[in-house]
Amino acid sequence: MLRGLYTAASGMLSQQRKHDTITNNIANINTPGFKQGSAVSRSFPEMLIALMEGKPGMETVNRGRLNTGVLAEEALTVNLQGVLRETSNPFDFAIVSDIQVEGMQFNGGKTITEDGQRIFQPQAFFTVLNEAGEQRYTRNGKFNVNGQGELVTAEGYQVLRDNGQPIVLIDLDTQIPITNLTVNRFGQLLDSTNGQALLDAEDNPVRMLISRVDNPIRMIPEGSGLLRVEAEDAGNVVQVAAGDNVEVRQGFVESSNVDPAQAMVDMMTASRMYEANQKAVQAYDRSLEKAVNEVGRV
């Protein structure tokens, strides 16, 4: 009886985590570049049930398997392209990416190999520095220029250029922040007046650092639209190459890829499943109450 109580309780915890994940998705429907999460449920290890007579020489008879419950093991990020929304703001940017890998056909951002291994499609991200000076990655391209002429995110994180340094939009002749800016599809910064490439103090063209991340499912969200890559996965991050199907769009932002209708359906389903497990717990509780208060008096 207690085993059934624990199984129903584990189902409640699993559905609660699913509900929390869906709620977070709905809360970020209007967050540019947000990628929805999907809670993955897995069962606890099954146990083999056997009948033992307890007599010498008697064989053990297998009776089947017992499932001991379920858990929401992880919340996977669904890295699908969001719809682009035009803003006409010269400091709003969106990434359109469809990076392909030779010999693989991705469907819904992933593919399954012949041996059953899941391979996730590489994704492209803007590269920024957080307050600790560490590189982080984001799809939220809603930028602006601060008082020092640096291109920053809404939270003030510096946007990096292709040499790993912050992008500084200062006219070298007048030392005045640049407000007329054009960015081409490759992320290169151009002067809006003459179409010439913007140069730094060493006469090098300035280009956004767009990072390609292989196996993006291992990226860890940190809040404010930032993601980080663990040290052991650093080799999965490289600058996008010319052959990668990645494009920067100026004057657009990428909307979240959350489907509001599906999210509401999933949330109602999780709520109903939670209630079903809750009723099972209540039924076991009533049975235990009778076993203690009534059967014990007999």
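Predicted model, so just to flag it, every value in this text is computed and none were measured. (Residues numbered from 1 in each chain as written. Predicted model: local features only at pLDDT ≥ 70, side-chain atom pairs only at ≥ 80, totals over all residues. Heavy atoms only, no water.)

Asks: Before we move on, can you summarise the overall build of the chain with the specific residues and values?
Replies: When helices and strands are counted, the chain shows two helices and 21 strands. Counting only contacts in the chain whose residues sit at least 6 apart along the sequence, the fraction spanning at least 24 positions is 63%. If you sum the accessible surface of the chain, you get close to 17,400 Å²; carbon and sulfur atoms cover 50% of it. (Helix = DSSP H or I, 4+ residues; strand = E, 2+ residues; numbered from the N terminus. Contact = heavy atoms within 4.5 Å. Areas by Shrake-Rupley, 256 points an atom, 1.4 Å probe, with all protein chains shown as cover.)

Asks: Quick one: what's the story with the pattern of salt bridges, residue by residue and with numbers?
Replies: The final tally for this structure, using the stated rule, is 15 salt bridges. Residue Arg139 pairs with Glu254 through a salt bridge whose shortest N-O separation is 3.0 Å. Note that Arg139 is positioned in the loop between strand E10 (135-138) and strand E11 (141-145) and Glu254 in strand E21 (residues 252-254), a separation of 115 residues in sequence. For Arg139, a relative accessible area of 3% corresponds to the buried category. Across the pair Glu275 and Arg272 runs a salt bridge whose closest N-O atoms are separated by 3.7 Å. Of the two residues, Glu275 and Arg272 both sit in helix H2 (residues 260-293), three residues apart, roughly one turn of that helix. For Glu275, a relative accessible area of 35% puts it in the partly exposed group. Within this structure, Glu134, Arg136, Glu222, Arg228 and Glu230 form a network of salt bridges that share partners. (Salt bridge = Lys/Arg side-chain N within 4 Å of Asp/Glu carboxyl O. Buried < 20%, exposed > 50% of the residue type's maximum accessible area, 1.4 Å probe, protein only.)

Asks: Outline the side chain of Asn140, supporting the account with residue identities and numerical values.
Replies: Summarising the element assignment, Asn140 is placed in the loop between E10 and E11. Using a relative accessible area of 17% as the deciding quantity, one classes Asn140 as buried. Of note is the side chain of Asn140, whose polar atom sits 3.1 Å from the backbone nitrogen of Lys142. Every residue in contact with Asn140, bar those within four places of it in the chain, is listed here: Pro32, Gly33 and Phe126. (Polar contact = N/O pair within 3.5 Å; in protein donor to acceptor, adjacent residues only side chain to side chain.)

Asks: Please set out the packing of helix H1 (residues 2-27) against H2 residue by residue, giving values where relevant.
Replies: Contact geometry of H1 with H2 gives a least axis separation of 8 Å together with a crossing angle of 160°. One way to sum up the angle between H1 and H2 is to call them roughly antiparallel. In the crossing of H1 with H2, the sense of the turn from one axis to the other is left-handed. For the contact of H1 with H2, the residue count by class is 17 nonpolar, nine polar and two charged. (Axes fitted to C-alpha atoms, helices over the stretch in contact; angles between N-to-C directions. Parallel < 35°, antiparallel > 145°, perpendicular 65-115°, else oblique. Left-handed = near helix turned anticlockwise from the far one by under 90°. Nonpolar A, V, L, I, M, F, W, Y, C, P; charged D, E, K, R; others polar.)

Asks: Tell me about the packing of aromatic side chains, residues and numbers included.
Replies: Tallying each qualifying case throughout the model produces two aromatic pairs. Relative to Phe143, the ring of Phe93 lies with its centre 5.9 Å away and its plane at 40°, an arrangement referred to as tilted. Here Phe143 lies in strand E11 and Phe93 lies in strand E6 (residues 92-97), a separation of 50 residues in the sequence. Their ring planes at 80° and their centres at 5.2 Å tell us that Phe126 and Phe143 sit as a pair that is edge-to-face. With Phe126 in strand E9 (residues 123-129) and Phe143 in strand E11, the pair connects residues that are 17 residues apart, well separated along the chain. In this structure Phe126 comes out as buried when scored by relative accessible area, which is 1%. You can call Phe143 buried: its relative accessible area is 3%. (Phe/Tyr/Trp six-rings, centres within 6.5 Å; stacked < 30°, edge-to-face > 60°.)

Asks: Quick one: what's the story with unusual backbone geometry, residue by residue and with numbers?
Replies: Look at Asn215: it is not a glycine, yet its phi comes out positive at around 55°. Positionally, Asn215 belongs in the loop between strand E16 (210-213) and strand E17 (220-223). Unlike most non-glycine residues, Ser224 shows phi in positive territory, near 60°. Mapped onto the elements of the fold, Ser224 is located in the loop between E17 and strand E18 (226-228).

Asks: Just give me the short version of the nonpolar core, but keep the residues and values in it.
Replies: Counting residues in hydrophobic clusters, the biggest one holds 25 residues, and the most contacted among them are Leu151, Ile167, Leu169, Leu189, Met208 and Ile210. Ranked by the residues each element gives to this core, the list is headed by E9, at three residues. The residues contacting Leu169, other than those within four sequence positions of it, are Phe91, Val145, Gly149, Leu151, Ile176, Pro177, Ile178, Leu181, Leu189 and Leu198. By size, the runner-up hydrophobic cluster in this structure holds six residues, among which are Phe125, Tyr137, Met219 and Leu227. (Core = buried A, V, L, I, M, F, W, Y, C linked by side-chain atoms within 4.5 Å.)

Asks: Summarise H2; cite the residues concerned and give the values.
Replies: Every α-helix winds through 3.6 residues per turn, so residues three or four apart in the chain are directed the same way. With 34 residues, H2 extends 49 Å from end C-alpha to end C-alpha; this agrees with the ideal 50 Å at 1.5 Å per step. Those residues of H2 lying buried are Ala263, Met267, Ala270 and Asn277. (Expected span 1.5 Å × (residues − 1).)

Asks: Report on the environment of Gly251, specifying residues and quantitative values.
Replies: Along the chain, the position of Gly251 falls in the loop between strand E20 (246-250) and E21. Spatially, the C-alpha atoms of Gly251 and Leu84 are 9.8 Å apart, while their sequence positions differ by 167 residues. Once residues within four sequence positions are removed from consideration, Gly251 is found in contact with Arg85, Glu86, Thr87, Ser88, Asn89 and Asp92.

Asks: Requested: an account of H1, with residues and values cited.
Replies: In this model H1 runs 37 Å from its N-terminal to its C-terminal C-alpha over 26 residues, within 8% of the 38 Å that 1.5 Å per residue would give. For H1, the full list of buried residues reads Gly4, Leu5, Ala8, Ser10, Gly11, Met12, Ser14, Gln15, Thr21, Ile22 and Asn25.

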